[in-house]
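Okay, here's what each chain looks like letter by letter:
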Amino acid sequence: MSRLSVDPEGLRQGGVNIQATVDLAVNICNELFVAVEENRGAGGTGEMGEKFDSGYRPGEEQGLKFLRLMQRTIGETGSRTVKTAGVFSETSDDAEGAVQP
């Protein structure tokens, strides 16, 4: 009989370091937010700026909405994966402790 085992600490720090991946994604998103804010108004304030904004703003809004969603989703998924591994490990330990050898 094969067994499924989960190493919660391994998920936190090993092979695929989920938290490091989450942190990296959040940092990238934050840098993009800053870049967008710093370059706001890059087209100027005259007619050229108005034309630039009319083409740029809808994409900017969609892009920032996507980045916020990605930040939240990656953070929640990483956190839930580690939590699920911990629950699985505790349940496995409880089950093994209840069975007499």
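Everything below is about the structure shown above.
In this text the structure is predicted, and so the values were computed from the model without any measurement.

S.K.: How do you make sense of the overall build of the protein when you look at a structure like this?
M.R.: Each helix and strand counted, the protein has three helices and zero strands in total. Reading the protein from its N terminus to its C terminus gives the helix and strand order α-α-α. Considering the protein as a whole, with its 101 residues, one finds that 19% of them fall into the buried category. Long-range pairs, those at least 24 residues apart, make up 80% of the contacts in the protein between residues at least 6 apart in sequence.

S.K.: What should I look at first to understand the nonpolar core in this one?
M.R.: Within soluble globular proteins, side chains that are nonpolar tend to cluster in buried spots. Counting five residues, the largest nonpolar core is built from C29, F33, V36, L64 and L67. Of all the elements in the fold, those that place two or more residues in this core are α2 (18-38) and α3 (47-98). Of the residues forming this core, the biggest block, three residues, is contributed by α2. Residue contacts for F33: discarding those within four places in its chain leaves L64, L67, R68 and Q71.

S.K.: What should I look at first to understand α3 in this one?
M.R.: Note on helix geometry: an α-helix contains 3.6 residues per turn, so any two residues three or four positions apart are oriented the same way. Taking 1.5 Å as the rise per residue, α3 with 52 residues should run 76 Å; its terminal C-alpha atoms sit 76 Å apart, in good agreement. At Y56, α3 is deflected by roughly 35°, the largest bend along its length, and proline P58 occurs up to four residues later in sequence. G49, R57, E60, L64, L67, Q71, G78, V82, A85, G86 and S89 are the residues of α3 that are buried.

S.K.: Help me understand α2 in this model?
M.R.: For α2, with 21 residues, the first-to-last C-alpha span of 30 Å sits near the 30 Å given by 1.5 Å per residue. Of the positions making up α2, those classed as buried are I18, V22, A25, C29, F33 and V36. In an axial view of α2, the angular spread of the buried residues amounts to 80°, which keeps them on one side of the axis. Residues L24, E31 and E38 are exposed on α2 and point more than 90 degrees away from its buried face.

S.K.: I tried to follow the pattern of salt bridges on my own but got confused; where do I start?
M.R.: A side chain with one charge can pair with a side chain of the opposite charge if their charged atoms come near. Enumeration according to the criterion identifies two salt bridges in this entry. A salt bridge links R57 to D53; the nearest nitrogen and oxygen atoms lie 3.4 Å apart. You can see R57 and its partner D53 sitting in helix α3, four residues apart, about one turn around the helix. The exposure class of R57 is buried, given its relative accessible area of 18%. A salt bridge links R57 to E60; its shortest N-O distance comes to 2.6 Å. Note that R57 and E60 are positioned in helix α3 at a spacing of three residues, about one turn of the helix. E60 matches R57 in its accessibility class, with the two residues each being buried. In the salt-bridge network here, residues are joined through shared partners; they are D53, R57 and E60.

Conventions used here
- Residues numbered from 1 in each chain as written.
- Predicted model: local features only at pLDDT ≥ 70, side-chain atom pairs only at ≥ 80, totals over all residues.
- Heavy atoms only, no water.
- Helix = DSSP H or I, 4+ residues; strand = E, 2+ residues; numbered from the N terminus.
- Buried < 20%, exposed > 50% of the residue type's maximum accessible area, 1.4 Å probe, protein only.
- Contact = heavy atoms within 4.5 Å.
- Core = buried A, V, L, I, M, F, W, Y, C linked by side-chain atoms within 4.5 Å.
- Expected span 1.5 Å × (residues − 1).
- Bend = angle between axes of the 7 residues up to and from the residue.
- Arc of directions from axis to C-beta.
- Salt bridge = Lys/Arg side-chain N within 4 Å of Asp/Glu carboxyl O.

Purely geometric numbers; function is a separate question.
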